[in-house]
Amino acid sequence: MHLPHRAPHPRFPLSSASASRFEWMTRAGSTNEVLVQAAAGPSAAEWPDLAVVATDDQTAGKGRLGRSWSAPAGSSLAISVLLRPHDGEGRAIPVERWGVLPLVAGIAMAQVVHGLAHRSAVPVGLKWPNDVLIGSRKVSGILGELLPDASGLVIGAGVNLTLTEEQLPVPTATSLRLAGVQDIDPDAVLAGYLHDLTVLYDRWRASGGDAVASGVLDDAVRMSVTLGRAVRVELPGGVVRRGVARSLDEGGRLVVELPDGQPPLVVSAGDVTHLRHDDSGIGDSR
Ligand SMILES: O=C(O)CCCC[C@@H]1SC[C@@H]2NC(=O)N[C@@H]21
């Protein structure tokens, strides 16, 4: 893609160099909302593939499944990236294949967090679908939102940088600082994420949007801390099932083995809780 020459953002020189368009907002309600409105509005043509809106002061952040996402000003990053997927030949990749893109973002963020927190004693991994955990605590979450006209997808990532224990929205959250990362540089986190997301996205695009051929599925399996675990799954609508998370299908959906020989449950959206293995309702199934 030909990009016009742009002056780097003074606070985010690395990040602004790796985005097709980079808008840093000193404050935003929801960066996803800002980008969805802009990319679907009358100036849509000015918002290309890999345009970015980001802030460290998001006042009305949106989470998955209708939840909110909050962090005190200056302690976290909210990063939204617009994707308008085309393959290497410039052909549009069908929207049915975009379901793995939030997973791609989760892999990118997990790689960045791993690079920063690898000295902490606890492992970094992906809890399905795309929560980045340090140990058992969540440091980053991802929300994908389709544009109303389906001409693109906005992928928002929130990552907790410097929150203290008292500032955590829930006790199951954490921050890079709480995980022992010193000298946290927001530009390095943002640029690292945009770089890794772009590399993975390019691989996926070049394969025509094939999660298997592009290696996205292998990466997701390798980084998953859900596979092999007993899980409780709350489906949209409130139905709860228990079983053992066995695999990811080619769309990144979670395949859960259920008790009593029931057919496996294939989960495309829902809330997954890791259980102690003997809570699954299935005997010795590891
Ligand atoms: O884990 C979740 O529930 C997903 C959280 C996603 C939060 C990010 S922050 C940037 C973007 N803007 C939003 O309003 N939400 C996402």
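Look up a bit, the structure's there.
Just so we're clear, the structure is a prediction, and the values are computed from it rather than from any experiment.

> Explain the sheet that holds strand E5 (residues 76-83) to me, and be specific about the residues and the numbers.
One open sheet accounts for seven strands, arranged E1-E2-E5-E9-E8-E7-E6; its pairing is mixed. Edge strands, defined here as strands with exactly one partner in the open sheet, are strand E1 (21-25) and strand E6 (124-127). Across the sheet, the axes of successive neighbouring strands diverge by a mean angle of 15°, strand direction being ignored. Pairing analysis gives four bridges linking E6 to strand E7 (residues 131-134), with the strands arranged antiparallel.

> Can you break down the packing of helix H3 (residues 101-117) against helix H4 (residues 186-206) residue by residue, with the values?
Relative to each other, H3 and H4 sit at 135°, their axes nearing to 9 Å. What the angle tells us is that H3 and H4 run oblique. In the packing of H3 onto H4, the handedness of the crossing is right-handed. On the side of H3, the interface is formed by Leu-101, Val-104, Ala-105, Ile-107, Ala-108, Met-109, Gln-111, Val-112 and Leu-116, while H4 contributes Val-189, Gly-192, Tyr-193, Asp-196, Leu-197, Leu-200, Tyr-201 and Trp-204.

> If you had to explain the pairing of strand E2 (residues 51-55) to someone new, which residues and values would you point to?
With five of its five residues buried, E2 lies for the most part within the structure. Going residue by residue along E2, you find Ala-51, Val-53 and Thr-55 tucked away on one face and Val-52 and Ala-54 tucked away on the opposite face as well. Bridge analysis of E1 against E2 gives five bridges, and the strand direction is parallel. When the bridges of E2 are listed, Phe-22 appears paired with Val-52. As paired elements, E2 and E5 share five bridges and run antiparallel to each other. Counted as the bridge partner of Val-53 is Ser-80 from E5.

> A description of the environment of Arg-97 should follow, citing residues and the corresponding values.
Structurally, Arg-97 can be placed in the loop between E5 and H3. Since its relative accessible area comes to 42%, Arg-97 is described here as partly exposed. The spatial distance from the C-alpha of Arg-97 to the C-alpha of Arg-177 is 36 Å, given a sequence separation of 80 residues.

> Provide a residue-level description of the site of the ligand, including the pertinent values.
As a matter of local geometry, the ligand sits amid 20 residues, with Ser-30, Gln-58, Lys-62, Arg-64 and Lys-138 nearest to it. Take Ser-30: an N or O atom from its side chain is 2.7 Å from an oxygen atom of the ligand. Protein chains bury 98% of the 420 Å² of accessible surface belonging to the ligand in isolation. Counting residues per element, the ones that place at least two in the shell around the ligand are helix H2 (31-39), strand E3 (61-62), E5, strand E8 (137-146) and strand E9 (153-160). The element that contributes the greatest number of residues to the shell around the ligand is E8, accounting for four residues. Among the residues forming the shell around the ligand, the class breakdown is six nonpolar, 10 polar and four charged.

> Hey, could you go over the pairing of strand E12 (residues 254-257) for me, with residue numbers and the actual values?
Sheet topology note: the strand E11 (residues 240-248)/E12 ladder contains four bridges and is antiparallel. Bridge pairing in E12 links Val-244 to Glu-257. Taking the residues between adjacent antiparallel strands as the criterion, E11 and E12 are bridged by five residues, where Gly-252 takes a positive phi near 80°.

Conventions and cut-offs
Residues numbered from 1 in each chain as written. Predicted model: local features only at pLDDT ≥ 70, side-chain atom pairs only at ≥ 80, totals over all residues. Heavy atoms only, no water. Pairing = 2+ DSSP bridges. Helix = DSSP H or I, 4+ residues; strand = E, 2+ residues; numbered from the N terminus. Axes fitted to C-alpha atoms, helices over the stretch in contact; angles between N-to-C directions. Parallel < 35°, antiparallel > 145°, perpendicular 65-115°, else oblique. Left-handed = near helix turned anticlockwise from the far one by under 90°. Contact = heavy atoms within 4.5 Å. Buried < 20%, exposed > 50% of the residue type's maximum accessible area, 1.4 Å probe, protein only. Near = heavy atom within 4 Å. Polar contact = N/O pair within 3.5 Å; in protein donor to acceptor, adjacent residues only side chain to side chain. Areas by Shrake-Rupley, 256 points an atom, 1.4 Å probe, with all protein chains shown as cover. Nonpolar A, V, L, I, M, F, W, Y, C, P; charged D, E, K, R; others polar.

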